[in-house]
Amino acid sequence: MKNLTILVLLLSFVSCTQNKSQLITSNATSIATVKTEKTDRYLSKITYIKKFAKVNKKNETIAFMIDYSLHSGKNRFFVIDLEKEKIIKRALVCHGSCKKEAKNNEKAKNFSNVSESFCTSLGMAVIGERAYSQWGKNYKYWIDGLETSNSNMRKRVVVLHAWEHVPDEEIYPKPLVMSWGCPTVSTAFLDDLDHILKKNKDVLLYSFN
């Protein structure tokens, strides 16, 4: 009887250990899958930027990209190390109000390349020269669109600039304020970008949804 009791206890222990091991394996697989899916999405974007930079003789070290599919209260402006293929900085960025036609400013839903539309433009662009701005830190960077979807950025005065009403930390689930079509960031983050842009020329900015 004593031996039978010991045998039952041993079987129970083995069974519990196996179940626990299966649970850990299952959870690890699930987490790994989520991370892989998220990483793969941006790796394909980074690969596209790298190829574009090489073919068009733009900066192959550093690039910027904005994922407008994300909620405006989340960090969606990314600084990319193209050589290491990884995100090295991220921050909040405004999208255009489209003359206040956008009833929901949580996500960018309307895009345009038309002058005075106040909408965000999508596509590949290159950061231009530094100039004076009446907004934020009193300096801005011109942006030149390189595709038909954003070819009027300079004409529309769609520039990279700062605004004191853009915070440095995520505010999700609250939405961020909207701009007149400019990718507007916080004053502190613009200083970070300024430091990068003073050392790097022909930096690409890829905006997508």
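Residues numbered from 1 in each chain as written. Predicted model: local features only at pLDDT ≥ 70, side-chain atom pairs only at ≥ 80, totals over all residues. Heavy atoms only, no water.

A. Up close: the overall build of the chain. Of the regular secondary structure elements, the chain holds two helices and eight strands. Ordering the α and β elements of the chain from the N terminus gives α-β-β-β-β-β-β-β-α-β. Each of the 209 residues in the chain was classed as buried or not, and the buried ones make up 39%. A sequence separation of at least 24 residues applies to 59% of the contacts in the chain between residues at least 6 apart. Total accessible area on the chain stands at roughly 12200 Å², and carbon and sulfur atoms take up 55% of it. (Helix = DSSP H or I, 4+ residues; strand = E, 2+ residues; numbered from the N terminus. Buried < 20%, exposed > 50% of the residue type's maximum accessible area, 1.4 Å probe, protein only. Contact = heavy atoms within 4.5 Å. Areas by Shrake-Rupley, 256 points an atom, 1.4 Å probe, with all protein chains shown as cover.)

B. Representation of the sheet that holds strand 5 (residues 139-145) in the model. Read across the open sheet, the eight strands follow the order 3-2-1-8-4-5-6-7; overall the sheet is mixed. With partners counted over all chains shown, the strands left at the sheet margins are strand 3 (86-91) and strand 7 (184-185), one partner each. Taken together, the five bridges between strand 1 (residues 62-67) and strand 8 (residues 204-208) define a ladder with parallel strand orientation. Paired with Met 65 across the bridge in strand 8 is Tyr 206. (Pairing = 2+ DSSP bridges.)

C. View of the packing of aromatic side chains. Taken as a whole and assessed by the stated rule, the structure comprises ten aromatic pairs. A ring pair is formed by Tyr 42 and Phe 78, whose centres lie 5.3 Å apart and whose planes are at 55 degrees; its orientation type is tilted. One end of the pair, Tyr 42, is in helix 1 (residues 2-55); the other, Phe 78, is in strand 2 (residues 77-81), with 36 residues separating them in the sequence. Taken individually, Tyr 42 and Phe 78 each receive the classification buried, so the pair is uniform in this respect. Centroid distance Phe 118 to Trp 180: 5.2 Å. Interplanar angle 10 degrees. Geometry classified as stacked. Of this pair, Phe 118 sits in the loop between strand 3 and strand 4 (123-132) while Trp 180 sits in the loop between strand 6 (159-162) and strand 7; the two residues are 62 residues apart in sequence, bridging distant segments of the chain. We classify Trp 180 as exposed; its relative accessible area is 57%. By way of ring pairs, the aromatic residues Tyr 42, Tyr 48, Phe 52, Phe 78, Tyr 206 and Phe 208 are connected into one cluster. (Phe/Tyr/Trp six-rings, centres within 6.5 Å; stacked < 30°, edge-to-face > 60°.)

D. Spatial organisation of the state of the cysteines. Tallied over the full model, the rule gives one disulfide. Each disulfide pairs two cysteine sulfurs, and for Cys 98 the partner residue is Cys 119, the sulfurs being separated by 2.0 Å. In this structure the cystine formed by Cys 98 and Cys 119 twists about its S-S bond by roughly 140 degrees; its chirality is therefore right-handed. Within this pair, whereas Cys 98 is found in the loop between strand 3 and strand 4, its partner Cys 119 is found in the loop between strand 3 and strand 4, the two being separated by 21 residues in sequence. (Disulfide = S-S within 2.5 Å.)

E. Representation of the side chain of His 95. With respect to the helices and strands, the residue His 95 is situated in the loop between strand 3 and strand 4. Setting aside residues no more than four positions away along its own chain, His 95 makes contact with Tyr 68, Ser 72, Arg 76, Asn 105, Glu 106, Lys 107, Ala 108, Thr 120, Met 178 and Ser 179.

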